[in-house]
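Observations on the three-dimensional arrangement
Here is what each chain is made of, one letter per residue.
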Amino acid sequence: MSKPVFGYHDLRGIAHPIKFALAYLGVDYVDKRYPLTPEGLTEYGGEKGNLGLDFPNLPYWKDGTVKLTESRAVLKYIARKQGGGALMPKDEVTLANAEMVEGVLWDVWYYLIWRCKFDNDTFIDLLKARAPAKLDLVHTFLGNKKWILGDQISYVDFMLYEVLHGYSLYDPEFLKPYPGLLKLKANFEEIPQIKKFIASPEYIKGPCYHPTFMKHKVPGLTC
Amino acid sequence: MSNSKPVFGYHGLRGKFWLENSFHTSKIAQPIRFQLAYLGVDYVDKQYPLTQEGAEEWAQEKEHHGLDFPNLPYWKDGEVNMTESRAILKFLARTEGGGKLIPTDARSLVNAEMVEGLLWDVWYGLIWRCYLDSEDMINALARCPPKLEVLNKFLGNKKWVLGDQISYVDFMLYEILHQYSLYDPKYLSPCGALLKLKANFEELPAIKKYMASPEYIAAPCFHPMYAKHKVVGLTC
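Residues numbered from 1 in each chain as written. Chains lettered and ligands numbered in written order. Predicted model: local features only at pLDDT ≥ 70, side-chain atom pairs only at ≥ 80, totals over all residues. Heavy atoms only, no water.

Attention shifts here to the overall build of chain B. Regarding its fold elements, chain B presents nine helices and four strands. Overall, chain B shows an N-to-C arrangement of helices and strands of β-α-β-α-β-β-α-α-α-α-α-α-α. Against the globule reference of 18 Å for 236 residues, chain B gives a C-alpha radius of gyration of 17 Å, in line with a compact fold. Counting only residues that meet the buried cut, chain B has 58% of its 236 residues in that class. Restricting to contacts in chain B with at least 6 residues of sequence separation, those with at least 24 account for 67%. Summed over all atoms, the accessible surface of chain B reaches about 9,400 Å², with 52% contributed by carbon and sulfur. Averaging the coordinates of the 26 positive side-chain charges in chain B and doing the same for the 28 negative ones gives two points 5 Å apart. (Helix = DSSP H or I, 4+ residues; strand = E, 2+ residues; numbered from the N terminus. Rg over C-alpha atoms; globule rule 2.2 N^0.38 Å. Buried < 20%, exposed > 50% of the residue type's maximum accessible area, 1.4 Å probe, protein only. Contact = heavy atoms within 4.5 Å. Areas by Shrake-Rupley, 256 points an atom, 1.4 Å probe, with all protein chains shown as cover. Lys, Arg positive; Asp, Glu negative; His and termini not counted. Charge placed at Lys NZ, Arg CZ, Asp CG, Glu CD.)

If you want it as structure tokens, here you go:
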């Protein structure tokens, strides 16, 4: 049986929680990266229709059982299928909380992505108006818990880490009001499998978002 | 467990509400209302009026509902006090009606979540275009119709998105098709399978009954005061 394949641009993007989850779970896979050049975009454009994907897009995940796109769907599929489903909450209330936080985090993440992509007053103001208040709510929700849902790490922590990583590159002062979130971020980096992955040649330090499409330039984040 | 009815709180709209440069935002509601009607759930449909008074009513209540992430819509049923429309939709799909609106096999569930992601993008293309009415957003909307066509192909001859069994994703899909058809019917004219699904949804007895009821909000979808691009039924 051939290895599963994860296809994405050669950056962190919205796919990085998936890569961290695969590293955490010890999954062996082919890390197919499309370069951030016009040639890379052309390469993907050329392959796109032939990958057997119902909804061609990046990232994609092909593992012999499924051929998937949509990063949240991929992350949750891997959380359910791999490692005995350790990264997916099982009881209804915890799962409802997970999906609720997932929704909030997706918004907070996209405030940053849109701000960088469009670099206009609408999205600069949107981030300023909403990101700090929502991060504050996430911080309060985290409280004294080790991970966002409690003692057990879940797929939501992998999303949360990447959101915090992006904001700390955008502005190192941004997360200072949220020491609990900074503690979670530091704890995440200390997880042995994560630490090993971060030190490995496969790890992508940056950029986070595609330089070609991001008007606002921030080293490590968009260039 | 509370003996009182669960409460679903939202604006007197189908959704979404968006206010530029403000913390105030809210998600999408109508798929949840349709789902509750389909499942025959008895609940309080708390609708905040689209007036200054309605906005003030919500602003005053917001912090007092025991919500971790105060927002609209909210769902309070004695077991959870929750927000985030997709999370609510899926929680109800899992916990009501014997869970019949949530796929249980891994393959169908992942297909559901994949379509859910696609639908969210397609929906936001329309939401941004109507609320912001800017060149960027008009251009971004142009990327959505091809996605609808891919979805049309995925639907194929199936009755519902995942097959014979209706699921929570069909409730999201219906609302998006409803809103796109109000915006401009030409977007859906190449999508015969999607149009057939839309018509079949409206013929479901529980849905048909709900649409004929006084509780049903036919319009608008987006807030008339804040959606810059005016489309009858959609934004006014």
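Another point: helix α5 (residues 121-142) of chain A. Its 22 residues place the ends of α5 of chain A 31 Å apart at the C-alpha level, agreeing with the 32 Å of an ideal helix rising 1.5 Å per residue. Along its length, α5 of chain A shows its largest kink, about 30°, at Arg130 of chain A, and proline Pro132 of chain A lies within four residues downstream of that point. Those residues of α5 of chain A not exposed but buried are Thr122, Phe123, Leu126, Leu127, Arg130, Ala131, Lys134, Leu135, Val138, His139, Phe141 and Leu142 of chain A. Those residues of α5 of chain A that are buried are in contact with α4 (92-118), α6 (155-170) and α7 (179-190) of chain A together with α4 (106-132) and α5 (135-141) of chain B. Phi for Gly143 of chain A, located one or two positions after α5 of chain A, is positive at around 55°. (Expected span 1.5 Å × (residues − 1). Bend = angle between axes of the 7 residues up to and from the residue.)

What follows deals with the interface of chain B and chain A. With 41 residues of chain B at the contact, the number on the chain A side is 39 residues. Summing the contributions of chain B and of chain A, the shared interface buries around 3,600 Å²; its carbon and sulfur component is 64%. At the surface where chain B touches chain A, the tally comes to five salt bridges. A salt bridge links Arg94 of chain B to Glu92 of chain A, with the shortest nitrogen-to-oxygen separation between them at 2.9 Å. The interface formed by chain B and chain A includes five residue pairs in polar contact (both at pLDDT 80 or more). Per-element accounting of the side of chain B that touches chain A gives the leading share, eleven residues, to α4 of chain B. (Buried area = accessible area lost by both parts, 1.4 Å probe. Salt bridge = Lys/Arg side-chain N within 4 Å of Asp/Glu carboxyl O. Polar contact = N/O pair within 3.5 Å; in protein donor to acceptor, adjacent residues only side chain to side chain.)

Residue and element names in this part refer to chain A. In contact at an axis separation of 9 Å, α4 and α5 are set at 150° when each is read in the N-to-C sense. The angle between the axes of α4 and α5 places the two elements in the roughly antiparallel class. Considering how the two elements wind past one another, α4 and α5 form a crossing that is left-handed. Here Asn97, Val101, Val104, Leu105, Asp107, Val108, Tyr111, Leu112, Trp114, Arg115 and Phe118 of α4 come into contact with α5, specifically with Phe123, Ile124, Leu126, Leu127, Arg130, Ala131, Lys134, Leu135, Val138 and Phe141. (Axes fitted to C-alpha atoms, helices over the stretch in contact; angles between N-to-C directions. Parallel < 35°, antiparallel > 145°, perpendicular 65-115°, else oblique. Left-handed = near helix turned anticlockwise from the far one by under 90°.)

Now for the environment of Phe154 of chain B. Checked against the element boundaries, Phe154 of chain B lands in helix α6 (residues 144-155). Assessed through its relative accessible area of 14%, Phe154 of chain B is described here as buried. It is 26 Å that separates the C-alpha atoms of Phe154 of chain B and Trp128 of chain B, two residues lying 26 residues apart in sequence. Not counting chain neighbours up to four residues away, the residues in contact with Phe154 of chain B comprise Asp54 and Phe55 of chain A together with Asn111, Val115 and Val161 of chain B.

Residue and element names in this part refer to chain B. Strand order across the open sheet formed by four strands is β2-β1-β3-β4, with mixed pairing between neighbours. Either end of the sheet is taken by a strand with one partner, and the two such strands are β2 (44-48) and β4 (81-83). Strand-to-strand twist of the sheet, defined as the mean angle between neighbouring strand axes without regard to direction, takes the value 20°. (Pairing = 2+ DSSP bridges.)

What follows is about the packing of aromatic side chains. Under the definition given, this model contains 44 aromatic pairs over all chains. With centroids separated by 5.9 Å and ring planes inclined at 45°, the aromatic side chains of Phe34 of chain B and Tyr216 of chain B adopt a geometry described as tilted. Of this pair, Phe34 of chain B sits in helix α1 (residues 30-39) while Tyr216 of chain B sits in the segment after α9 (205-211), and the two are 182 residues apart along the sequence. On the basis of relative accessibility, which here comes to 14%, the residue Tyr216 of chain B falls in the buried class. Members of the aromatic cluster, each reached through a chain of ring pairs, are Trp106, Trp109, Tyr110, Trp114, Phe118 and Phe123 of chain A together with Trp120, Trp123, Tyr124 and Trp128 of chain B. In this arrangement the basic side chain of Lys46 of chain B is found over the ring face of Tyr48 of chain B, its NZ or CZ atom lying 4.9 Å from the centre. In this arrangement the basic side chain of Lys158 of chain B is found over the ring face of Phe154 of chain B, its NZ or CZ atom lying 4.3 Å from the centre. (Phe/Tyr/Trp six-rings, centres within 6.5 Å; stacked < 30°, edge-to-face > 60°. Lys NZ or Arg CZ within 6 Å of the ring centre and 35° of its normal.)

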